[in-house]
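# Commentary on secondary and tertiary structure
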Number of protein chains: 2
Amino acid sequence: MTSKPIGVAVLGLGNVGSEVVRILTENAADFEARIGAPLEIRGIAVRRIDGDRGVPAELLTDDPAELVGRDDVDIVVEVLGGIDIPRKLVLSALENGKSVITANKALLAEYTGELADAAEKSRADLYFEAAVAGAIPVVRPLMQSLAGDRVNKVAGIVNGTTNFILSAMDETGADYAETLAEAGRLGYAEADPTADVEGYDAASKAAILASIAFHTRVTAGDVYREGISKITADDLETAKSLDCTIKLLAICERITTPKGKERISARVYPALVPLDHPLASVNGAFNAVVVEAEAAGRLMFYGQGAGGAPTASAVLGDLVMAARNKFYGGRGPLESKYAKLKVAPMGDILTRYYVSMQVADKPGVLATVAAEFSKRDVSISTVRQHGAGDGARLVVVTHLAADSALSDTVASLEQLDVVVHVASVLRLEGTTV
Amino acid sequence: MTSKPIGVAVLGLGNVGSEVVRILTENAADFEARIGAPLEIRGIAVRRIDGDRGVPAELLTDDPAELVGRDDVDIVVEVLGGIDIPRKLVLSALENGKSVITANKALLAEYTGELADAAEKSRADLYFEAAVAGAIPVVRPLMQSLAGDRVNKVAGIVNGTTNFILSAMDETGADYAETLAEAGRLGYAEADPTADVEGYDAASKAAILASIAFHTRVTAGDVYREGISKITADDLETAKSLDCTIKLLAICERITTPKGKERISARVYPALVPLDHPLASVNGAFNAVVVEAEAAGRLMFYGQGAGGAPTASAVLGDLVMAARNKFYGGRGPLESKYAKLKVAPMGDILTRYYVSMQVADKPGVLATVAAEFSKRDVSISTVRQHGAGDGARLVVVTHLAADSALSDTVASLEQLDVVVHVASVLRLEGTTV
C-alpha cells in the first residue's frame, strides 16, 4: 500500500539544486520510508532550458511561478539565489499553504518576517537550515533543542570563502590580494567576491542567528559589519606573535547596558582569536558555531559550511521534516519574535582593540600614546615596541572598553605628531579579560 | 487571552529534575511565549516526601503512577533513573496519549521499540535528546537535520566519567585506581562506578545512536563493550610516544562485508586516538560526537555531556517541542527501523591493534612475533623495541585487519616462549590506514 505522493518543486539547478535532485532520485526508497509517503519531483525551474542538465528533460521549466502554482506541488525547495525573484515565489508558495525549504540567507535576512507571517496564516512550514553554516545543524538546534534554554551568545565562522583566505594567509604569509586570486582559481571565491569578503554574507547569517537565538526580529541592516579586505600579511604576522590568528567572526550576543537594560548585539568583523580558542583551529572552507546558553553551557558545532552536497544535506533534512508534517499534520516552529529586544549600536559594545601604529622613534612616544587611551578610560593590556628609526612600530592591546571609546581613541591617535600612521586596528575576541 | 495550560508531570527530583523544575518556574513567561500556551507543573514524583526539597511542597507526591494518570497531565518528564519503574510509568503515559520526555538511556537502549510502538498507537511524542551526550544536540540533528542524508559513522566520547578519568591519567601520569578515587571525591564518579567505567552507559548511548543513525532497532545487548578499568599509566605513556591519547569511544558504523552485504557495527572500547584527531582534545567531563554522512561530510558536536543544568537544557528543549505539538497538532518523528540492518559481530570488524608485550631479550624475538601476525594475514605498521633484559618490551601497531584475526594473534602471542607477558592490547581509531 503506497501513500499518496508528496509533490516537490525545485527552484534552481546550480551546485545545490543538482545535488538535491540527485540525492532525492538515488535514495527515493529511503525518503519514502522515512516520511511515510514517496516524494515526487514535479518540476525543476531553471533560467534557460538548454543542453543536458543531467536530469529528466521533461522536469525542466523556465516558468517557476507556474511550477510553484501547480496543484500537485506541496513543498517548494528554493535554491535560486538573489532576493526579488525568490521572494515572490516563496511568498506565493507560502500564501497557498505550500511549505518552503530555502537556503537563501540574503532573502531571509531581509524578509523572514514577511515570509513567516505568510506561513503562519496558511499553516505552512518555512525551513532554512541550509541558510546558515551549510551542512552543520545550527538552525534546528537553536530553534528546537535549545528552545527551553536561554541563549546568551552565538559566535561563529560562517563564511567559507573568507575563512579559506585567512587560513591561507596565515599559513603561507601571502598578502590578501594574492590569496584572494588563488581562492578564485580554486573555486573558493566567486568572480565578484564582494558579498563574501566584505562580510555581507556573514552579516545575513548573523541576522538569522540573532533572530532565532534571541526571539527577536533582526535584519541584515541591524548587523554591524566589516570585511577582511584590509587585512594584511603583517596583521597575521603580528597575530602570531600574540599567540592569535585572525578570523572573520559573526557574533550575536545578549548584553546588559550600564543602565541595566537588556539589549542584543549582532556584528561581523575580522578579529584576533587566541590559538587555544576552539574557533582558532577551524581552517579552510570549514565553518563552526559556538553557542553559549545558560543551562547548556558552551556548545560547538563544526562541519562543512558550503558546497553542493553539504548544503543539499541540510535542505533535504528540512524537506523530510516538512513532508512528514504534510503527512502527519502539525508543523515546525516559525519565527519567534516575542522578546522584541533592541539592537545596541556598535559603539556601546564592549570590545578589546589591537592597534598597530608606525611611530616617531623618539623618547616620550609611549607616554603620549598611552595618554590618549587613558583620557577615554581605556585600559591598556600590553604594549610592544618593534624596530627603530623609520620602522619604529608600537602595538597596543587594550582591555575591554566601549567600542566608541576605542574608535575615538584610534581617531585621535591618527592626529598625534608622534604617530606617523595607524597601520592596523583589529578587535580581539575569545578572551574574557 | 491566555491559552489553556499544558500540564506537566516531573518524575524525579535529582540533579536533573531539580534544574528542570527551577528553569520551568523561573522562565515561565519565556516558555509560554515559545509554546503559545503556559506550562503548568501538576506534580513532582519523589521517592520520599520529606524535608525542604526547594519546590512547593504541595507539588510533591510519592505516587508517580497516580500523577502520570491524572487527566490534567499532558506531558511526562521522566528523570528517575533505573529501568523497571520508569518503564511502566512511561509506557502507561504513552498508552494514554501523553507525550514523554526522558533522559533515561538505559531504558531506551532496552525498550525503545516497545515505547515507540505505544507512542505510535496513541500518537504521542517520545523525545530523548538528554539521553545521549547531555546538553549537546545530537539526537535531534541525527533524526531530523540529517533525515535526508545517509549516515555512515557516528563516533563519540559520550561518557563524562571515563573521559574525566582518562584525561586526568593522561595529564598527571597517575594510575587508574588512584584517578578513579579522585574522580569519586570530585563528584565525577558515582559510588558504584561500574556502569560508567565498564562502558555500560556508553553502550546504551551507542545503541540509541546506532538505532537513529541507521534506521534499525539496536539494543544495548547488540553493542560490543569493553571498559577502561584495565588501562594503565603505562598505556597512556606509550600512547603519548605514538602521538596519541586514549579515549573511551562509542562507535556506530555502516560496513560492507567481504561478500558485499551491508551491516552495522556498534561498539564501545578504549582506543588510541591520534592527537590531531578532533576527539583527542575533548578533555575532562566534556563530550563530543563526530558524525560522517554521505552528503554532509564530517560534522562534530561538542559540549557538556552531563550535569543537572546541561541535561535539563536538553530535556526542556524536548518539552517545548512536545508542548508545541500538543498545542498545534502534529508530532515529532518516532523510531525509524525500516532499514533492518544486521549487526555484525565484533570479530568481523576491521580494526587496528596496538599490542605491548614483555619479551625475552634475545635475538630472533621480533621474527617469531612477526610470524604470528603474518600467519593470520595481519600486516604490521610499526614495531618498537624498548629496554633490555627483564624489561625488554615490544610494541606492535598493526594495519587494519579483522578483529578476530587480531585477537587470535594476541592469544597465540601469549603462548610463545619468547613472550613473557602481553601487557596491553588496545585498538587504534581515528586513522584511515
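The structure presented is a predicted model; accordingly, all values stated were derived computationally and were not measured.

## Points about the overall build of chain A
Helix and strand counts for chain A come out as 14 helices and 18 strands. Taken against the 2.2 N^0.38 rule, which gives 22 Å for 433 residues, the C-alpha radius of gyration of chain A at 24 Å falls within 12% of a compact globule. Its C-alpha atoms put chain A at 85 × 50 × 35 Å along the principal axes. A burial count over chain A gives 58% of its 433 residues as buried. Long-range pairs, those at least 24 residues apart, make up 74% of the contacts in chain A with a sequence separation of at least 6.

## Looking at the sheet that holds strand E6 (residues 126-127) of chain A
Residue and element names in this part refer to chain A. Taken together, the 6 strands give an open sheet; going across it, the order is E3-E2-E1-E4-E5-E6, and neighbouring strands pair in parallel fashion. The open sheet terminates on both sides in strands that have one partner only, identified here as strand E3 (60-61) and E6. As judged from the 4 bridges shared by strand E4 (residues 75-78) and strand E5 (residues 99-102), these two strands associate in the parallel manner. Residue pairing for E5: Ile-75 is matched across the bridge by Ser-99.

## Focus on the relation of the copies chain B and chain A
Mapping chain B onto chain A is achieved by rotating through 180 degrees and translating by 0.0 Å along the same axis, at an RMSD of 0.0 Å. Considering both components of the superposition, the chain copies are consistent with a two-fold axis. Minimal C-alpha separation from the rotation axis in chain B is found for B:Gly330, amounting to 1.7 Å. Take the interface residues of chain B: 100% of them recur as interface residues in chain A, which is what a same-surface contact looks like.

## Focus on the domain arrangement of chain A
Residues and elements named next belong to chain A. Parsing chain A into structural domains produces domain 1 (4-131 + 306-326), domain 2 (137-305) and domain 3 (346-426). Computed from C-alpha atoms alone, the centre-to-centre distance between domain 1 and domain 2 is 27 Å. Contacts between the two partners involve 15 residues from domain 1, matched on the other side by 18 residues from domain 2. Taking both sides of the interface into account, the surface hidden between domain 1 and domain 2 amounts to around 1,300 Å²; carbon and sulfur atoms contribute 56%. Here domain 1 and domain 2 share 2 salt bridges between them. Put simply, Arg-217 and Asp-117 hold a salt bridge, and the shortest N to O gap is 3.9 Å. Across the contact surface, domain 1 and domain 2 share 5 residue pairs in polar contact (both at pLDDT 80 or more). Counting residues per element, the side of domain 1 that touches domain 2 draws most heavily on helix H5 (residues 105-122), which supplies 7 residues. Residues that form the side of domain 1 that touches domain 2 fall into these classes: 9 nonpolar, 1 polar and 5 charged.

## Some details on the interface of chain B and chain A
Across the contact, 47 residues belong to chain B and 47 residues belong to chain A. Buried area between chain B and chain A, both sides added, is near 4,000 Å², and the carbon and sulfur share of it is 54%. Per-residue buried area on chain B facing chain A is highest for B:Arg34, B:Ser145 and B:Tyr338; these three make up 15% of the total on that side. The interface formed by chain B and chain A holds 0 salt bridges in total. Summed over the shared surface of chain B and chain A, the result is 18 residue pairs in polar contact (both at pLDDT 80 or more). Where the side of chain B that touches chain A is concerned, the elements lending two or more residues are helix H2 (28-35), helix H6 (139-145), strand E12 (297-304) and helix H12 (308-328) of chain B.

## A look at the UniProt feature "active site" (unreviewed entry) in chain A
Residues and elements named next belong to chain A. Per the UniProt entry, the sites bearing "active site" (unreviewed entry) are Lys-205 in this numbering. With respect to the element layout, Lys-205 can be found in helix H10 (residues 200-214). Setting aside its immediate chain neighbours within four residues, Lys-205 contacts Lys-105, Ala-131, Val-132, Ala-133, Val-158 and Asn-159. A polar side-chain atom of Lys-205 sits 2.7 Å from the main-chain carbonyl oxygen of Val-158.

Parameters at a glance
Residues numbered from 1 in each chain as written. Chains lettered and ligands numbered in written order. Predicted model: local features only at pLDDT ≥ 70, side-chain atom pairs only at ≥ 80, totals over all residues. Heavy atoms only, no water. Helix = DSSP H or I, 4+ residues; strand = E, 2+ residues; numbered from the N terminus. Rg over C-alpha atoms; globule rule 2.2 N^0.38 Å. Buried < 20%, exposed > 50% of the residue type's maximum accessible area, 1.4 Å probe, protein only. Contact = heavy atoms within 4.5 Å. Pairing = 2+ DSSP bridges. Least-squares fit on C-alpha atoms with pLDDT ≥ 70 in both. Domains from an automatic or database assignment. Buried area = accessible area lost by both parts, 1.4 Å probe. Salt bridge = Lys/Arg side-chain N within 4 Å of Asp/Glu carboxyl O. Polar contact = N/O pair within 3.5 Å; in protein donor to acceptor, adjacent residues only side chain to side chain. Nonpolar A, V, L, I, M, F, W, Y, C, P; charged D, E, K, R; others polar. UniProt positions renumbered as here; feature names shortened; annotations may be inferred.

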